[in-house]
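Below, each chain spelled out in residue letters.
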Amino acid sequence: MAAVDEPAWRGRQLAEAMYRQWVTELAAITALPQALRARLGAEGWQVGRPAIAQAFRSADGTERYLIECHAAGPQMVETVWMPEGDGGETGDGSEAGEQNGTGEDSAQRGWRRATICVSSQVGCAVNCRFCLTARLGLERNLSAGEIAGQVVAVLDRQRVEVGRDRVNVVFMGMGEPFLNYDNFMAAVRLLVEEVGLSPQRMTVSTSGIVPGIERFAEEPAEVRPKLAISLNAPNNAIRGEVMPINRKWPIEAVVDAVRKVRLRPRERVTFEYVLLGGVTDRPEHALELTRLIRRTGLPAKVNLIAWNPGPDLHYTTPTPEAAERFRETLIAAGVPAYLRRPRGRDIYAACGQLKRTVEG
Ligand code: SF4
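Calculation criteria
- By convention here, each chain's residues receive numbers from 1 onward along its written sequence.
- With pLDDT at 70 or above as the cut-off, local features in this predicted model cover only qualifying residues; side-chain atom pairs require 80 or more to be listed or tallied, and sums for whole chains, interfaces and linings still use all residues.
- To get the side-chain values, take all heavy atoms of the structure and skip hydrogens and water.
- By convention in these notes, a residue is near a molecule or strand provided one of its non-hydrogen atoms lies within 4 Å of it.
- The rule is simple: put a 1 Å grid over the protein atoms alone, call a set of points where a 1.4 Å probe fits but cannot get out a cavity, call an open set with protein on both sides within 12 Å along at least five of seven lines a pocket, and count a residue as lining if it has an atom within 4 Å of a point.
- Molecule-in-pocket calls rest on the fraction of atoms, with more than half required to lie within 2 Å of the cavity or pocket grid points.
- Residue type decides the class: Asp, Glu, Lys and Arg count as charged, Ala, Val, Leu, Ile, Met, Phe, Trp, Tyr, Cys and Pro as nonpolar, and the leftover types, Gly among them, as polar.
- Grid points are joined across faces, edges and corners, and a volume is the space filled by probe spheres set on the points.
- For the domains described, the bounds stem from an automatic or database domain assignment.
- Every helix listed is a DSSP run of H or I at least four residues long, and every strand listed is a run of E at least two residues long, numbered separately from the N terminus.
- A helix is expected to span 1.5 Å multiplied by its residue count minus one.
- Burial status follows relative accessibility: with a 1.4 Å probe on protein chains alone, a residue under 20% of its type maximum counts as buried, one over 50% as exposed, and anything between as partly exposed.
- Among the buried residues, those of types Ala, Val, Leu, Ile, Met, Phe, Trp, Tyr and Cys that are joined through side-chain atoms within 4.5 Å form a nonpolar core.
- Note on contacts: a residue pair is in contact if any heavy atoms of the two residues lie within 4.5 Å.

Chemist: How should the site of the ligand be read in this particular structure?
Modeler: For the ligand, the full set of nearby residues is C124, V126, N127, C128, C131, T133, A134 and G175. According to the grid-proximity analysis, the pocket containing the ligand is the largest cavity. Split by residue class, the shell around the ligand holds 5 nonpolar, 3 polar and no charged.

Chemist: Looking at this structure, I do not really get the layout of surface pockets. What am I missing?
Modeler: In this approach, a probe sized like a water molecule rolls over the atoms, and the result shows the empty space that is left. Roughly 370 Å³ of volume is contained in the largest pocket. In this structure, the largest pocket is lined by 17 residues; those nearest its centre are V47, G48, R49, P50 and E146. Residue composition of the lining of the largest pocket, grouped by class: 8 nonpolar, 6 polar and 3 charged. Structurally, the lining of the largest pocket is a two-domain feature, drawing no fewer than three residues from each of domain 1 (2-42) and domain 2 (51-347).

Chemist: Would you mind showing me how to read helix α4 (residues 144-157) here?
Modeler: Because an α-helix packs 3.6 residues into every turn, residues spaced three or four apart end up facing the same way. The terminal C-alpha atoms of α4, which comprises 14 residues, lie 20 Å apart, in line with the 20 Å expected from a rise of 1.5 Å per residue. Most of α4 sits inside the fold, with 11 of its 14 residues counted as buried. Residues of α4 that are buried include every one of A144, E146, I147, A148, G149, Q150, V151, V152, A153, V154 and L155, and no others. Looking one or two residues past α4, R159 carries a phi angle of roughly 55°, positive in sign.

Chemist: Whenever I open this one, the nonpolar core confuses me. Can you help?
Modeler: Buried together is how nonpolar side chains tend to be arranged in soluble globular proteins. Formed by 107 residues in total, the largest nonpolar core has its most connected members in F130, F171 and V302. For this core, the element with the highest residue contribution is helix α5 (residues 181-195), accounting for 8 residues. The residue makeup of this core includes at least three contributed by each of domain 1 (2-42) and domain 2 (51-347). Discounting residues that sit within four places of it in the chain, V302 has contacts with F271, Y273, L289, I293, L330, V335, P336, A337 and Y338.

Such coordinate-based values are descriptive only and should not be taken to indicate function.
Okay, structure coming up:
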């Protein structure tokens, strides 16, 4: 609005229309005078958001979307809707004291709470060995509008009532959010300040980008999501193999950076741990992990994720018994641990499977 010599409050009207009313066309923003809409249209201005180009629905209710982003030519990213939460972000004690703020409408719609998993980049440069997204390499960063727009597109599709329905947002889709830091945090601000979502219902997952974690530690609590570290191994030797980024920032450096984050009361840092059959799922790994977590001195919990298979990835899924034994070992040592139900494996929507697969 400043660029077209309009007062700042016109910008507020525009944000209200795009992020609260989810209007997708300039002509439909009735808060703006007709003459102004016509002038903006004639000058080539557009409003809108990334569009859901394709949707795949899993037997478990999960939906995976191919979302078209146009900022630098049409490119697809992936966004996932997980009704009932994903078992790791909800129901794990991290939201103690919260009410079940769900209305009857949500029950009728078939879900009582849900998690939206969004992408922060087209592809990813980090190259975790177990992840299909890594195969794409990094194509480009998403803009703040493209990141927040994925959330708005899904809220609109699912007819979510912000402030009433219990919806979590996790920045765990394609890409490493802390390698697109400015746009990621600008998207969080849009979601908090314009859309009205709570940062305490958002979690960002990083592979351990130390400078990003240090910047994150400086963010004010009003806009800071919760933090998850994608750990995936009990020591530097294995982590260096599974996640080559560990050679640049080993576990100790990551933990030192996480210590700088001023956690809210009762807030815990999540350590994500992908169980790779025979590689990271052995009982001795669980014991090593408990020692590591205790040594960090951080209020922490562990989310265990049985690895989700993908073409040309040479790992195996752990047996259910190995996964359960791993979890029990952590619990016995006093480390809160949750085994996430895999969501939407049949539609390539599960963790590490996002690669713009065009099959359902
Ligand atoms: S797991 Fe995350 S950080 Fe690692 S390659 Fe995949 S998308 Fe990138």
